[in-house]
Structures are given as structure tokens and as C-alpha cells.
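# Secondary and tertiary structure notes
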Amino acid sequence: MGGRPMASPEFFLELRDISKRFPGVVANDGISLAVRSGEIHALVGENGAGKSTLMKILYGLYQPDEGEIAIRGTPVRIDGPRRALELGIGMVHQHFMLIPVFTVAENVILGSEPTSGGRLASAKAIAQIEALTKQYDFDLNPRERVANLSVGEQQRVEIIKVLYRGAELLILDEPTAVLVPQEVEELFVNLRRLREQGKTIIFISHILDEVLAIADRVTVLRRGRVVGTVAAKETTKGQLAEMMVGRPVLLQVTRPEITPGEVRLAVEGLTVRGAHGRPVVRDVTLAVRRGEIYGIAGVQGNGQTELVEAIVGLRPIASGAVRVDGTDVTRAGTGRVRMAGLAHIPEDRHHRGLALPMQVRENLVLGHHHRGLFTKGPILDLAEIDAFARGRIRDYDIRSPSTTTPTLALSGGNQQKVIVAREFAFAPGVLLAAHPTRGLDIGATEFVWRQLMEAKAQGMAVLLVSADLDEILSLSDRIGVMYRGELVAELAPGEASPQELGLYMTGTKRASAEPAAG
Amino acid sequence: MRSSARFALLQAAALGLAILFGALAGSVILLAIDQNPLYVYPLMVRFNLARIDSIVAIFYRATPLLLAGLATALAFRANLFNIGVEGQYYVGAVAAAFVGFTVAGLPRLVHLPLTILAGVLAGMLWALLPIVLKLRRGAHEVITTIMMNAIAGALVLYLLEPGLLRDPAQAGTPRVRTPDILPSALMPLLHSALRAIGLEIPSSSRLNWFLPLGIALCVFFYWVLRRWRFGFEVRAVAHNPSAAEAAGISTQRVQFYTFLLSGGVAGLVGLSDTLAFFGYFDIDFPKGYGFLGISIALLAKNNPLGVVAAALFIAFLDRGAQGVQVFAGAPREVITILQGLIILAIVVGYELLTRYIRAQRKREAQVAPPLAPALAATGEGGE
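Note that the coordinates shown come from a computational prediction; the quantities given were computed from them, not determined experimentally. (Residues numbered from 1 in each chain as written. Chains lettered and ligands numbered in written order. Predicted model: local features only at pLDDT ≥ 70, side-chain atom pairs only at ≥ 80, totals over all residues.)

### Considerations on the overall build of chain B
Inclusion rule: Per the convention used, a helix needs a DSSP run of H or I reaching at least four residues, while a strand needs a run of E reaching at least two, with both numbered from the N terminus. Labels follow a simple rule on C-beta atoms placed from the backbone: if 20 or more others lie within 10 Å of a residue's own, it is buried; if 12 or fewer, it is exposed; otherwise it is partly exposed. Remark: residues whose backbone-derived C-beta atoms lie within 7 Å of one another are considered to be in contact.
Secondary structure summary: chain B contains 15 helices and zero strands in total. Counting only C-alpha atoms, chain B reaches 90 × 55 × 45 Å along its principal axes. Looking at chain B as a whole, 45% of its 383 residues qualify as buried. Excluding contacts between residues fewer than 6 apart, the proportion of contacts in chain B whose partners are at least 24 apart in sequence is 75%.

Structure follows, in C-alpha cells:
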């Protein structure tokens, strides 16, 4: 990227040092990005890398705390989606915003209907839309009802919608997530056609094959920062994967040398089916032993989430078995899995981790609340709960004004500490930590890492899932790589370079996994 | 702690403002029909509070209302919309009446509890189908409970056909009702108990033990929601079902039991009228408590203690409407409009206040020092 991009009409859009912070989380940290006129520019990065925050800033939904946006070399202030459209920025949302009973034409003109004498000028609208579909070679009948269209066709309607409003820059947010492969091909044909006609496109994705197939240049984001911008022709999947998930090691952890003991978590032949009956976890076998951290690496969306949720009992298991400390907990239900000694740091703290409106002390006992310590018959022992919460708040340095503060008032890092403090209580034997440091700042990340080391030292078996390759490499005693639902490799940290892991993660290379091998 | 006292004060102020706003809006309507609000409102307050029969009538009216409010609020607390309290109380009242006039020869100590239990079980039964359909098949409870209301309305009419529950002794008269409930199943009135503490109430009043029972239930469920393990799980499920599940709580189980409890309380709603006023169930049995219960739950923000206050408030306005109609010649519908306006004002006012308090709390937490001296030096980086 060299230095500061020069303001020149060569670039349709320039972002300079854009920063956006939320309590405890830096979503965008000095992002600079220049998109050339008439190029397809891909933006890649894991969940939480800051892509969606950046796009919301571009679309006027957020204001950056710092930095400058320029369109065609002129600095602009975007204070809302309407302003963004005036500037020629159009967003094609991942979730379509179409009315099924309306026709294509009616959906396209919705919100900016052409009228003649107060009446809707339908014929005019249809003519305009036909002109657009002809110009860009879109296969679309404006008179067809949206309810009768395939998903790919609906997406075309969304694209026509922003073109109709005069967009010069189209932002496509994960456009292929909802498409079948043939539809992806058609979308790419359409996008190339748009580029020929001089439109500029930002293509957001984390599927590297697609990015390399369609983009001219690729910018990689990680932890709110730009890792780099590369020409698609001059890069490889492996290199992009490494840029996406690796990071310069900022933190040092001393990994205590512990001889792993007996197997505490055993997963055997686990298969989990997704929404359409397709297996999303295929025949995964692994064993995590006392005092060991088993890291699972992989590009997001390759079955890691489903693997963790199936082990915890939050997702039905199609076949296979899960054992915690020798107890079979396959299909036992989350309550019993937890009772068997399994703790879980969920990947999304707001979704699975915390009931945000509830008090800090209530969240600290959530899942422990039925323990004899906290109950007198059917009644909760608030004095005991408060004493426990005070202890946790002290030991884990949770910054909270009181034990009864609503958890939503805490910063992101402190909310994560509440979860860690809760999950480490009552000496669990097995810990599942899914993306435990995602979205956290350096201080909170270091805290979580130290806690994981502590867990190891106490004899827990830790299954660590992370999209952050350096996190995996610094913490793990063994590393399994997941690709398309399968465990494609199992290695010791010394055995593999990040480059080699990148090859496994992208499916370029595979080794037969040797489960439970020393 | 100091700030929570401040928030409670704010809440009281918001309530006062909302009532004031409703009264002001009502004034506009009164002025439009050539009534002087400065005459009508004081008249209403005087009529309601200066007469013992008014006060007693307000408490009598509040009895079914607070039970209906509690039933609705309980379901709301588990993110369930029980619109079916209306139907659940019809069925409960018929079932209680049935046990009340058929089971003879029991002492009151057995017969009355049995009769009440019949009402509770019938209410639960009427809630059972909607909740099973929701949890097993995903049918929305708003739709199914509304359907169940229609079925309940038709069912109780059908049950009053001759040869079913219709009183044969009333054959040939236009009265469509069940036989008289046996004295052993009637709810005793409060007169003697009140006399014992020096309060004399008019002998015409039907104020009965369902009032203290209803208030006790509200207090009990307040306690359950705040302090019981079950109440904790209800709150966790309401605030974040995904996190509750991840903590090992069965959200389905919690929703199932909460909905049945709601139906059971709903089964009690009609019993004050059945077992202490009419002494039978008839075709003109009072309707609409279930829908008022929704307003009451809304006013009370689903807090069981608030339900008592909200029910008394609605009963107060109802009674006032009668006074205004008789002594000021203003149509009572004006007061009904006033009720609606106040409820709207309170709901909107509370929402604004809740947002304000949340923002304040967030600000406090961001500048808070740790509870105890930090053991480790590392807290939030970069600050």
C-alpha cells in the first residue's frame, strides 16, 4: 500500500485512517483503502475483522471517530443511506429486502416511484428497468412477481434496484452466501459486465476461491486493521489465508510444559447435519487429554461452530459419540453435559454467552444456579450468590460498579471476563473455547490467554477453536485443521509453518488425521 | 445503590406525568362535549374516595382484574403472549360452577378448595393445547389462544343447553343458567373479617376472599420470579433464550410450565363473580376481563406487584365513570377514552425512561473502578 493514497480521479473511493471504536472493542483501527474506478475490489477477513463496520460507515449508518472519506478525490461526509446514494454508493444487502407479492418493477421503484400527475407511472418504470436489464445483460422480466423468482434472480433485482437509483459504486455484502454454484457463476458474469460498463464494485467475502475468481485487487482486514492490498493475479489462496488469520505476535505467553494425562474429552466419528441435511461436520474423531490444549484451525465456516455446538448439546448429533471424563454424553442435553464437567466459552458472547439485561451476578451464576451452594430448596440464596460474584469479580478483575449492575452496561472485554469467570468456576474437566478473544483489545486478549494457560496447568483439557492462526500456534499442544467439515490434518505446533497450515485450511493439501496420536 | 433509588424516583415521576398527560388529553375531549374538566375530575375523585360503597366497589371490581393481569403478566415474563385469558376464565368459571352444584355432601373446607381447583385445572387445560402446539409445532400462541377464546365462548353457551348444565328448575323461564351452586362451595365474604378490624362495609357488597387470595398470589409470584430458581430461569429465557440454552436451561420446559401457570391463574379470574356474586353461571356472565388483563399487565410492566396497583387504578377509573355519568351527565365512554390515553402515555413514557436509565447505567459502568483492588495490573488495554 505504500504511503497515503493520492487524491486523484483514478480512485473512485478513498478511505484514510478510518477508526471506529465501541466500548472495549476497536472495530476499525486506522483503515486506509483506495478503490479504483471500474475495478472489482474484494474485501476479505474473518467475522469481527471490521468489514461490516467499515461498510456501515460507507453507507452512512455509522460515523467514523477519526479519518476521512473521499469520493472521486473530494472529501465527503456521509450522514445516512440517502446521502450515500446521492454520492453514488449503493449497497446490495446479504438479506434481500424485497416484497414477494410485488413485481420486479414495483420492487425496484419502491421508495423512488416515478409519477405522472400523482399517479404511478408503471409503464415508464417498466421501460426504464428494461433499458437497465438490456444495458447490463441481466436476464430479468420486470413484470414477474418476486415470489416466483429464484434466489439468484432476486439478487439481480437487488442489484438493479441500486443501479436504478444511480449507483456508481456497488457494495455486495457476502453475495454468494445464499447462492448455489451455478448462480454464483451467473452473478460473476453479471459483475464483470457491470465492470465493463464502468461501475466500481466492492465484493465482501471470506470464500477465497471466489475472491480470486472475480476480484482485480484484494484487501485483507484483520482485527480492525488493513493487513494489505494485493493484486488477485499475484497472490494465492494460501497467502490470503495466512494474511486473514495470522498476525504479528504481539503477545508472549509462556506455555508450561505439561505431560498430557488421560483423555478427558473424546469425540468419536461425530457427524452433524446442517439446514438441508448436508453434513457440516463429517466423521470427526479427536481426543483431548488432561493438561493439553487442542487447537482447531480453519477458515471460518468449515464446520467449527457446528462441531462445538454438537459437543455441548446445542445441536443434534447425526452419528458418533462424545465422552467427557469417560461418561457418554452423546445427546445428553446441555444441562447434563455441563454437569459432567464441560465448560463452554461460546463464540458469540451476546448470542450464547450472556443475558445482557440481567445483573452481573446473575450472569455469573447462569448455568451454576441449580447447584446446592446457591439454592435453599426452590429458592436462590442471594447472599451466597453475591459472595460468589464478589469473589469472581475480584479474581478476574471485572470492572463493574456493583454485582447488581446490568451486564449490558459493561464493556466488551469485561463482558467476556464475566463468561470466563463463570465457565472456570467449579473446576470443570473440559473447556471448549470458541474464538475466545474475537473482537477483544490487546489487554483483554492477554487476560484470556493467561486464563487458558492456567486452565491447562490445572489439568483441564481445552479444545480451542480459533480463526486466528497465531492464537492457535502460540497456545496449542496439538493442532487439528478443519476443512469442509472434516479434520484434514493433525499436527504438533512445531511441525507446521503458518504457510503449511494455510495449505491445509484451504484444502490445497491434506493428510489423514491421526486421532489421539502422541 | 444511590443511583437505583434515583431511578425508582424517576419511575414514579414518569407514572405521575403519564397520568397527568392522560388527564390533559381527556380534558380536551371533555371540553369538546361542553363539560368542564375542573368540575368533572374533582367530582370523580370525590365520588370514588369519599363514599365507602365506592371504595368497596373499586376493590370488588379489582379482584378479577388483578387475577387477569397476573395471568397475562406471567406469560409475558416468559416471552409468551397469552391472549387466551378470556377463554381460560370462561372455562374455569363453568368448571367451578359444575363442581359447585354437583358435588354434594362435602364440608366447605373440602368442597370450596375442590371447586376452586376445578377452575384452575380447567384454565390450565385451556392453556395446554396452545402451548403444546407452540413448542411442538411452532404455531404462534397469539393465533391459537384467540381461536381458543372463540371456542370457549361457544362451548360455554353450548353447555348451557337444556339437558346439559342448564338448570331444569328454570325450564319455561327465559333464564339460561346452571343450577345454584351449593352453599358449601361459595366463597365467604369479607364483611366479618373487616368488622373484626373495625371496618364496616355495606351489606350489599360482595367483596370476598378472592381479593386477599389474588393479592397473595401476586406477592407470591413476585417472590418466585425474583428469588426462586424457577423465576431465575424464566427471566434468563425471557432475556436471552440462546444463552439460557447454552447454560443448560431447557427453554421449552420453562415456557411450558409458565404458560400452564398463567392458564391456572386465568382459571381463577371468573370465580369471584361465580362463587361470591351470582352463585351460578349464566349466559350473561361478565366478559372482557381477559382483555383488560392485557392492559393491566402492560401498565404494570409485567411486575406482579404492579399488577395489583394497575388493577386498582383501572377499577378506580371504572367506578369514576359511573359517578361522572350519574352526577355530571357526561357519557362514561369519555372515561374509557381516558383509560386508553393514560395506558398509551404510560407505555410510551416507560419506554423512554427505560432507554434513559440504560444509557445512564452504561455511562456509570464505563467510569467505574473495579469492585476491589485489582490483583493484576492488566485491565482494559489502551485506556
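The discussion continues.
### A short note on the overall build of chain A
Worth spelling out the cut-off: We compute the radius of gyration over the C-alpha atoms and compare it with the globule rule, which gives 2.2 Å times the number of residues raised to the power 0.38.
When helices and strands are tallied, chain A shows 17 helices and 24 strands. Scaling as 2.2 N^0.38, a compact globule of 518 residues should have a C-alpha radius of gyration of about 24 Å, and chain A matches this with 25 Å. A burial count over chain A gives 49% of its 518 residues as buried. Excluding contacts between residues fewer than 6 apart, the proportion of contacts in chain A whose partners are at least 24 apart in sequence is 70%.

### Examining the domain arrangement of chain A
Many descriptions give the size of an interface as the accessible area lost when the pieces come together. Residues and elements named next belong to chain A. This is how it is decided: Throughout, the edges of the domains are those of an automatic or database domain assignment.
Assigned domains within chain A: domain 1 (11-245), domain 2 (254-341 + 428-518) and domain 3 (352-427). A C-alpha centroid distance of 35 Å is found between domain 1 and domain 2. Listed by partner, the interface residues are 13 residues for domain 1 and 17 residues for domain 2. Secondary structure elements with two or more residues in the side of domain 1 that touches domain 2: strand E2 (25-36) and helix H8 (237-245).

### Some points on the pairing of strand E9 (residues 169-173) of chain A
Residues and elements named next belong to chain A. Rule in force here: Strands are labelled as partners when DSSP assigns at least two bridges between them.
Within E9, four of the five residues are buried, which leaves the element mostly enclosed by the surrounding structure. Relative to E9, strand E6 (residues 89-92) runs parallel, the two being bridged by four bridges. The partner of Gly90 across the bridge, within E9, is Leu170.

### Details of the sheet that holds strand E13 (residues 263-273) of chain A
Residues and elements named next belong to chain A. Here four strands make up an open sheet; going across it, the order is E14-E13-E16-E17 and the pairing antiparallel. For this open sheet the edge positions go to strand E14 (279-289) and strand E17 (327-328), each flanked by a neighbour on one side alone. Where strand E16 (residues 319-324) and E17 come together, two bridges link them in antiparallel fashion. Counted as the bridge partner of Val324 is Thr327 from E17.

### Here we look at the packing of helix H3 (residues 52-77) of chain B against helix H11 (residues 251-266) of chain B
All names here are of chain B. The condition that has to hold: Where helices are involved, their axes are fitted lines through C-alpha atoms of the stretch in contact, as for all axes, and angles between N-to-C directions lie from 0 to 180°. Any angle that falls under 35 degrees is termed roughly parallel, while one over 145 is termed roughly antiparallel, one within 65 to 115 roughly perpendicular, and all others oblique. The nonpolar class holds Ala, Val, Leu, Ile, Met, Phe, Trp, Tyr, Cys and Pro. Asp, Glu, Lys and Arg form the charged class, and all remaining residues, Gly among them, are polar.
Two elements in contact, H3 and H11, have axes separated by 8 Å at closest approach and are oriented at 175°. Here H11 runs roughly antiparallel to H3, going by the angle between their axes. Together, Leu67, Ala68, Leu70, Ala71, Leu74, Ala75 and Arg77 of H3 and Thr258, Phe259, Leu261, Ser262, Val265 and Ala266 of H11 make up the contact between the two elements. Among the residues making up the contact of H3 with H11, the classes are represented as ten nonpolar, two polar and one charged.

### A few points about the nonpolar core
Formally: We define the nonpolar core as any set of buried residues of the types Ala, Val, Leu, Ile, Met, Phe, Trp, Tyr and Cys, connected via C-beta atoms lying within 7 Å of each other.
In this structure, A:Leu432, A:Val462, A:Leu464, B:Leu70, B:Ile296 and B:Val307 are the most contacted members of the largest nonpolar core, which totals 257 residues. Element by element, the count of residues in this core is highest for H3(B), at 15 residues. If we skip the residues at most four places from it in the chain, B:Ile296 touches B:Leu65, B:Ala68, B:Gly69, B:Val307, B:Ala310, B:Ala311 and B:Ile314.

### A short note on the sheet that holds strand E18 (residues 342-345) of chain A
Residue and element names in this part refer to chain A. Strand order in the open sheet made by the six strands is E18-E21-E22-E15-E23-E24, with mixed pairing throughout. Across the chains shown, the open sheet's two edge strands, defined by having one partner strand only, are E18 and strand E24 (486-491). On average, each strand axis in the sheet is inclined to that of its neighbour by 20°, with strand direction left out of account. Packed on one face of the sheet, helix H14 (residues 412-423) meets E18 and strand E21 (430-434) and runs near 175° to E18. Most of the contacts of helix H17 (residues 498-505) go to strand E23 (residues 478-483), to which it runs at about 35°, and overall it touches strand E15 (293-297), E23 and E24.

### Thoughts on H17(A)
Among all positions of H17(A), only A:Leu501, A:Gly502, A:Leu503, A:Tyr504 and A:Met505 are buried. Summarising the contacts, the buried residues of H17(A) are in contact with H8, E15, helix H16 (469-475), E23 and E24 of chain A.

### Let's talk about helix H4 (residues 122-135) of chain A
What counts here: Here the expected length of a helix is defined as 1.5 Å per residue gap, with one fewer gap than residues.
Helix length check: H4(A) (14 residues) gives 20 Å between terminal C-alpha atoms against 20 Å at 1.5 Å per residue, within 8%. Positive backbone phi, approximately 60°, marks A:Asp137, located one or two places after H4(A).

### Let's talk about unusual backbone geometry
Residue and element names in this part refer to chain A. Even without being a glycine, Glu174 presents a positive backbone phi close to 45°. Here Glu174 lies in the loop between E9 and helix H6 (181-196). Classification of Glu174 by C-beta neighbours within 10 Å gives partly exposed; the count is 17. In this structure, Asp397 takes a positive phi of about 50° despite not being glycine. Assignment of secondary structure puts Asp397 in the loop between helix H13 (382-395) and H14. Here Asp397 falls in the buried class, since 21 other C-beta atoms lie within 10 Å of it.

### Focus: the confidence of the model for chain A
All names here are of chain A. Spelled out, the test is: The predictor attaches a confidence to each residue, and that confidence, scored 0 to 100, is pLDDT.
Taken over all residues, the pLDDT of chain A has a mean of 87, while the share at 70 or more is 94%. Confidence drops under pLDDT 50 across residues 1-8; counting only partners more than four residues distant or on other chains, this segment forms twelve contacts. Across residues 513-518, confidence stays below pLDDT 50; counting only partners more than four residues off in sequence or on other chains, it has twelve contacts.

### Here we look at the packing of H8(A) against H17(A)
Residues and elements named next belong to chain A. Their axes nearest at 8 Å, the elements H8 and H17 cross at an angle of 110°. Relative to H17, the element H8 is oriented roughly perpendicular. Touching Gly238, Ala241 and Glu242 of H8 are Pro498, Gln499, Gly502, Leu503 and Met505, all from H17. Broken down by class, the residue content of the contact of H8 with H17 amounts to four nonpolar, three polar and one charged.

### Some details on the environment of A:Gly274
All names here are of chain A. Along the chain, Gly274 turns up in the loop between E13 and E14. Judged by the 13 C-beta atoms lying within 10 Å of it, Gly274 is partly exposed. Once the C-alpha coordinates of Gly274 and Ala215 are considered, the two residues, 59 residues apart in sequence, prove to be 29 Å apart. With residues up to four places along the chain from it excluded, the contact list for Gly274 reads Val280 and Glu306.

### Points about the pairing of E24(A)
With five of its six residues buried, E24(A) lies for the most part within the structure. Here E23(A) folds back onto E24(A) in antiparallel fashion, the turn holding two residues, of which A:Arg484 has a positive phi close to 50°.

### Let's talk about the confidence of the model for chain B
Residue and element names in this part refer to chain B. Averaged over every residue, the pLDDT of chain B is 89; the share at 70 or more is 94%. Low confidence marks residues 372-383, where pLDDT is under 50. Its contacts with residues over four positions away, or in another chain, come to 26 contacts. ipTM for the predicted complex: 0.83, alongside a pTM of 0.78.

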